[in-house]
Amino acid sequence: MNVKSLKDLIDICEKTGETLHKVIMDWEMLDTGYSNDYIIEKTSKLLSVMEEEYASKKGKEFKTLIGLTGSNGKKMLEYLPKAYVGENVFKAATIAVTMSESNASMGRIVACPTAGSSGVMPGVLLTLEESGIERDKLVLALIVAGGIGKIISMRASLSGAEAGCQAEIGSATAMAAGGAVYAMGGSPQAVSHAAALSLKSLMGLVCDPVGGFVEVPCVKRNAAGATLALLFADIAMAGVESVIPFDEVVDAMMAVGRSMPEALRETGKGGIAISPTARRIMKNLKDKLSIPEDN
Amino acid sequence: MVSILDIIGPSMIGPSSSHTLGAMRIAKFAYNLFGTPPDSVSFYLHGSFKETYIGHGTKLALIAGICGMETDDPNVAKADKIADELGIKYEFRGIDLGDVHPNTVKIVIKKSNSFHEVIGSSIGAGRVKIISIDSIVCSVSGDFPTLVIENEDVPGALESIIRIISTNGINIAQVNLNRLSKGSKIASMVIELDDELPSFVLESLKMLNVVRFATYVKPI
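Residues numbered from 1 in each chain as written. Chains lettered and ligands numbered in written order. Predicted model: local features only at pLDDT ≥ 70, side-chain atom pairs only at ≥ 80, totals over all residues. Heavy atoms only, no water.

**So, the overall build of chain A**
Along the backbone of chain A there are 13 helices and 1 strand. When the elements of chain A are put in sequence order from the N terminus, they spell out α-α-α-α-α-β-α-α-α-α-α-α-α-α. For 295 residues, the compact-globule estimate of 2.2 N^0.38 gives 19 Å, and the C-alpha radius of gyration of chain A, at 19 Å, lies within 12% of that figure. A principal-axis box enclosing the C-alpha atoms of chain A has dimensions of 60 × 45 × 40 Å. In chain A, which comprises 295 residues, the share counted as buried stands at 57%. (Helix = DSSP H or I, 4+ residues; strand = E, 2+ residues; numbered from the N terminus. Rg over C-alpha atoms; globule rule 2.2 N^0.38 Å. Buried < 20%, exposed > 50% of the residue type's maximum accessible area, 1.4 Å probe, protein only.)

**Quick look at the packing of helix α3 (residues 36-57) of chain A against helix α6 (residues 120-130) of chain A**
Residues and elements named next belong to chain A. The interhelical angle for the contact between α3 and α6, taken along N-to-C directions, is 85°, at an axis separation of 10 Å. Taken together, the axes of α3 and α6 are roughly perpendicular relative to one another. Of α6, the residues touching α3 (which contributes L47, M50, E51 and Y54) are M121, P122, L125, L126 and E129. A breakdown of the residues in the contact of α3 with α6 according to their chemical character gives 7 nonpolar, no polar and 2 charged. (Axes fitted to C-alpha atoms, helices over the stretch in contact; angles between N-to-C directions. Parallel < 35°, antiparallel > 145°, perpendicular 65-115°, else oblique. Contact = heavy atoms within 4.5 Å. Nonpolar A, V, L, I, M, F, W, Y, C, P; charged D, E, K, R; others polar.)

**Re the packing of aromatic side chains**
In this structure the tally under the stated criterion is 5 aromatic pairs over all chains. Measuring from ring centre to ring centre gives 6.2 Å for Y90(B) and F92(B), while their planes differ by 70°; the resulting arrangement is edge-to-face. Taking the relative accessible area as the measure of exposure, Y90(B) reaches 28% and is therefore partly exposed. Residue class for F92(B) comes out buried when judged on its relative accessible area of 13%. Of the aromatic side chains, those joined through ring pairs into one cluster are F43(B), Y53(B), Y90(B) and F92(B). Geometry around W27(A) places K150(A) over its ring, the cationic atom sitting 4.4 Å from the centre. (Phe/Tyr/Trp six-rings, centres within 6.5 Å; stacked < 30°, edge-to-face > 60°. Lys NZ or Arg CZ within 6 Å of the ring centre and 35° of its normal.)

**Describing the sheet that holds strand β4 (residues 103-111) of chain B**
All names here are of chain B. The strand order across the open sheet built from 6 strands is β3-β2-β4-β5-β6-β7, with neighbouring strands paired in mixed fashion. Taken across any chain shown, the strands that pair with only one partner, and hence form the sheet edges, are β3 (89-94) and β7 (136-140). Each strand of the sheet is rotated relative to its neighbour by a mean of 20°, with strand direction disregarded. With 8 bridges connecting them, strand β2 (residues 40-47) and β4 associate as antiparallel partners. Counted as the bridge partner of Y44 is K106 from β4. Lying over the sheet, helix α4 (residues 58-66) contacts β2, β3 and β4, oriented at roughly 140° with respect to β2. (Pairing = 2+ DSSP bridges.)

It is worth stressing that arrangement in space is one thing and function is another; only the former is reported here.
What follows is the structure, given as structure tokens:
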């Protein structure tokens, strides 16, 4: 089982008639020795952490480490009944922002795939759960998301420092979109299309956090990721296909990442991080944040 | 090969896998050298860690690790208060450790009359590389039970050490050998094991003539 692409996994599904999550778990067993039961148990625990953390953080205000965010999730939850984009989409964005603000205030999160993008997956999965999709299906969706993320990690990168935000929020969104399709009962092909479409839409996104800290713009980009994931899951379920296959999109994303200057890869030296307002904020924070040199 | 559980996880305390989780895991490794909280600890921060000290919670993560807390314990955010309760004295200093990874910390822990020193780098996604244990240069992930030995660089040294480990039924995952000085005939070996090392095996190793120094560290 020499898996190098999402296509390889889907080919195995089509040849053997096996489900996608089962093929991913068997691949995992060969790579790591973890049994199917172990993977399901551990994945279910990760979903539990998302559920417990959102239940305890919902509607709360946070005192974040830098203090540039912290009350957005609360504001969004209060506005939710009025949301023009509809309840599900706005709920996903609200959960994503809340979890991301919790992350910025040293809360417990699931790094799925990274801490900076940790709001996207709970935004999507918990919205699906509240809309009535069974929990067991969400565990399998999370396994499928893991398979998608592993393909990205093998062919490209999940690190903003290596390939920009497209590799973090972009990857999280592709994983969540694919997972959402799986939870909705879509085919392995539809999973692949949702992941490809969403990653294409975030292609080129730079990593430009103010001061290098995981708050601005990271918190609100998690809202964008969760929203896009649900949108492209629906688009794929409608039968829309990505002209460019997922694996080629991943390769393109990495090529774009390699051509990104270092200033746009988590250094806090480009993009909005060097806007006049960001510079002013950092000037005011500088003395508070660093440790005095003492050799 | 990476597991999907590392892609969709782990469960951790935010905000940064390299500046929070990785820092905490290095400190947890240092904690494991005593296995109980130290009386005092000094953290020497190198490179980016000096900048992420407050903003990425590196300070609290290091304190939480040295208190022995689990990496997803929600109390990490108030680790300073917990250290006070445990009576651990801590201090933070900036340092230039030279040509090492930007996220590197040197930790010195003291308890009664003994002390340990660990230098570790957080290399991304929560992974760490311990590059020095009690001044012995190494490259350890902290994922396995780890045995660090400084030995005489003489024929048969490796064999006698390995024999004690194997006759006690412990499987070796990886061995790293390093000659520290050819002139003074000192070498070191870092052995990562599949199983925990019982203390009597460590004592037998320490009694070997070729062993100058041996330390055992539990996995993080």
